[in-house]
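# Summary of structural features
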Amino acid sequence: DRPPAPGAGQYRRRRPEKFIIIWDTGEETIFAPETVLKHALSVGRKIDESEFDSIVQENAVCLAKEQMLRYLAMRPHSRQELFLKTSRRDHPAEAIEAGLKDFERAGLIDDNVFTRQYALNEINFRPCGRRKLQEKLYQRGIAEDISRHVLDDLYTQHPEKDLIKGVAEIFI
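Let me sum up the structure you'll find in this document. Not measured: the values here are computed from a predicted model. Residue numbers here run from 1 along each chain, matching the order of that chain's written sequence. The predicted nature of this model means local features are confined to residues of pLDDT at least 70 and side-chain atom pairs, given and counted, to a pLDDT of 80 or more, with totals for whole chains, interfaces and linings taken over all residues. Computation of side-chain values: all heavy atoms of the structure, hydrogens and water removed.

## Structural notes on the environment of Ala93
To keep things clear, this is the line we draw: Secondary structure follows DSSP: runs of H or I at least 4 residues long count as helices, runs of E at least 2 residues long count as strands, and numbering of each begins at the N terminus.
On the secondary structure map, Ala93 appears in helix α4 (residues 93-106). Ala93 sits 10 residues away from Phe83 along the chain, and the two C-alpha atoms are 8.0 Å apart.

Spelled out as C-alpha cells, the structure:
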C-alpha cells in the first residue's frame, strides 16, 4: 500500500482559489495554493507515506484557517463560535484546533477582547440587563469567569439604572 502520486492537477478558479489534485488512484483532494507551492506538488511527483500524511494534515489546517479568516472578515468571533462554524463546514476538529491556536498566538482571536467589544456594543445599541447579556455571551461560547469579569467592569461604568432610564426616555 503506497501513497498516491499526483496523476493530474486542476486549478479551480473561484474565491478562494483552490487546486484539485487527482491522484493516480482516481481520488480527488482539494489543496490550498500555499500547500501546493510549499511542497511543489506536481504531476508525477513521488511522495513517501510520511510526507503525504504531513502534507494532508498541513493542508487541512490551512483550509480551516482560510475558512476562519473569512468568518473573521465579517465580524469578530469568539473561539467557540469559530470552532463550531468551521466544523459545520466539515473541517477536521484537529485542524480547526491547530488553526485556532495559531490565531491566538497571532492575536487574531482573544475571548477577553471579544467579550469586551461585544458587551460594550450590546450596552450601547441594545441595552439589556446583566443576566440577559451574560446569557448572550454564554451562547457565544464565552466562559463565565471571563464574562463575569468584563460585565463587572462594564456595569460599573454603565449602571443598569442608567441604561433603564435611557431606554425609558426613548419611549416617553
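Still more to cover.
## Remarks on the pairing of strand β2 (residues 18-23)
Put simply, the test is: For two strands to pair, DSSP has to find at least two bridges joining them.
Relative to strand β3 (residues 28-31), β2 is paired through 4 bridges, and the arrangement is antiparallel. Residue pairing across strands places Ile20 opposite Ile30, the latter belonging to β3. Taking the residues between adjacent antiparallel strands as the criterion, β2 and β3 are bridged by 4 residues, where Gly26 takes a positive phi near 95°.

## Observations regarding unusual backbone geometry
To be explicit about the condition: Note on exposure labels: buried denotes an accessible area under 20% of the residue type's maximum, exposed denotes more than 50%, and partly exposed covers the range between, all computed with a 1.4 Å probe on protein chains only.
Phi is positive for Ala40, close to 50°, though the residue is something other than glycine. Mapping Ala40 onto the fold places it in the loop between α1 (33-38) and α2 (49-74). What makes Ala40 partly exposed here is its relative accessible area of 47%. Positive phi outside glycine occurs at Asp90, with the angle close to 70°. Counting through the fold element by element, Asp90 comes out in the loop between α3 (79-87) and α4. Relative accessible area serves as the criterion here: at 72%, Asp90 is assigned to the exposed category.

## A few points about the nonpolar core
To keep it simple, the criterion reads: By nonpolar core we mean a set of buried residues, namely Ala, Val, Leu, Ile, Met, Phe, Trp, Tyr and Cys, connected to one another through side-chain atoms within 4.5 Å.
Within the largest apolar cluster, 14 residues are counted, with the highest numbers of intra-cluster contacts made by Ala119, Ile123, Leu133, Leu137, Leu151 and Tyr155. When residues of this core are traced back to their parent elements, those giving at least two are α5 (111-125), α6 (130-139) and α7 (144-157). Of all the elements, α7 adds the most residues to this core, at 5 residues. Listed in part, the 11 residues of the second largest apolar core include Ala60, Leu100, Phe103 and Ile109.

## Observations concerning the packing of α2 against α3
Filter applied, for reference: Angles run from 0 to 180 degrees between N-to-C directions of axes, and those axes are lines fitted to C-alpha atoms, restricted for helices to the stretch in contact. For classification purposes, angles smaller than 35 degrees are called roughly parallel, those larger than 145 roughly antiparallel, those between 65 and 115 roughly perpendicular, and all remaining angles oblique. We call a crossing left-handed when the near helix sits turned anticlockwise from the far one by less than a right angle, and right-handed when that turn is clockwise. Residues count as neighbours in contact if any of their non-hydrogen atoms are within 4.5 Å of one another. Side-chain classes follow a simple rule in which Ala, Val, Leu, Ile, Met, Phe, Trp, Tyr, Cys and Pro form the nonpolar group, Asp, Glu, Lys and Arg form the charged group, and the remainder, Gly included, forms the polar group.
In contact at an axis separation of 10 Å, α2 and α3 are set at 120° when each is read in the N-to-C sense. Between α2 and α3, the angle falls in the class oblique. Considering only the axes of α2 and α3, their crossing is right-handed. Packed against α2, whose contacting residues are Ala64, Gln67, Met68, Tyr71 and Leu72, the element α3 presents Leu82, Lys85 and Thr86 at the interface. Grouping the amino acids of the contact of α2 with α3 by side-chain chemistry returns 5 nonpolar, 2 polar and 1 charged.

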